[in-house]
Amino acid sequence: MKVVIFGATGQTGMHLVQQALDRGHQVTAMVRNPAKMTIQNENLTTESVDIFDKESFSSKLSGHDVVFSCLGFPTDKNGVTGYTSATKAIVEAMRANEMKRFVACHSWYTEEKSRGEAPWYLRWTLIPMIKTVLNNMRETE
């Protein structure tokens, strides 16, 4: 299978790249900074792209079977929009290439109701700190 991974140099992305390669897939890593890609493999191609500009990567999706998004954005008390903006560009580029398989690797507690079911220490510490990230992930889903 030919796989595209956005955010391939992040923590989750690097694991996904390695797992896909270990299973014999051809991987195209779409990244902001190719120098951060530490994995080397004959089945790995690393492409420098602007994740918000579909024109920078649309043609590079041609011939691939699936797109994974392992993008990550920092929290911002004024709101996070990176997930929705990047995903919109990715989906538009996929449509232009007649691709239908998309997997977004997000987080637990993106649904607001589920946040109330989190352990107390997460409800009172982590979730308030990353709420804007979780909200944008949910909006993207």
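Parameters at a glance
Residues numbered from 1 in each chain as written. Predicted model: local features only at pLDDT ≥ 70, side-chain atom pairs only at ≥ 80, totals over all residues. Heavy atoms only, no water. Phe/Tyr/Trp six-rings, centres within 6.5 Å; stacked < 30°, edge-to-face > 60°. Helix = DSSP H or I, 4+ residues; strand = E, 2+ residues; numbered from the N terminus. Buried < 20%, exposed > 50% of the residue type's maximum accessible area, 1.4 Å probe, protein only. Pairing = 2+ DSSP bridges. Disulfide = S-S within 2.5 Å. Contact = heavy atoms within 4.5 Å.

### Considerations on the packing of aromatic side chains
- As enumerated under the stated definition, the model contains five aromatic pairs in all.
- Between F6 and F57, the aromatic rings sit 5.0 Å apart at their centres with planes inclined by 75°, giving edge-to-face as the arrangement. Of the two residues, F6 sits in strand β1 (residues 2–6) while F57 sits in the loop between β3 (44–48) and β4 (66–69), which places them 51 residues apart along the sequence.
- Look at F6 and you get buried, because its relative accessible area is 0%.
- When its relative accessible area of 0% is taken as the criterion, F57 is described as buried.
- With a centroid separation of 5.8 Å and an interplanar angle of 85°, the aromatic rings of W120 and Y121 are classed as edge-to-face.
- You can call W120 exposed: its relative accessible area is 59%.

### Focus on the pairing of β1
- Across the five residues that make up β1, a large majority, four, are buried.
- Relative to strand β2 (residues 26–31), β1 runs parallel, the two being bridged by five bridges. Opposite I5, over in β2, you have A29 as the bridge partner.
- In terms of strand pairing, β1 meets β4 through four bridges, oriented parallel. Bridge assignment links V4 to a residue of β4, and that residue is V67.

### Section: the state of the cysteines
- One pass over the full model with this rule turns up zero disulfides.
- In this structure C70 is a free cysteine whose sulfur lies 3.6 Å from that of C105, the closest cysteine sulfur available.
- Accessibility expressed as a relative area gives 9% for C70, which makes it buried.

### Digging into the environment of M37
- Along the chain, M37 turns up in the loop between β2 and β3.
- According to the relative accessible area criterion, M37 is buried, its value standing at 9%.
- Once the C-alpha coordinates of M37 and M14 are considered, the two residues, 23 residues apart in sequence, prove to be 8.1 Å apart.
- Setting aside residues no more than four positions away along its own chain, M37 makes contact with A8, T9, M14, V17, A29, L44 and T46.

On their own, these measurements won't tell you what the molecule is for.
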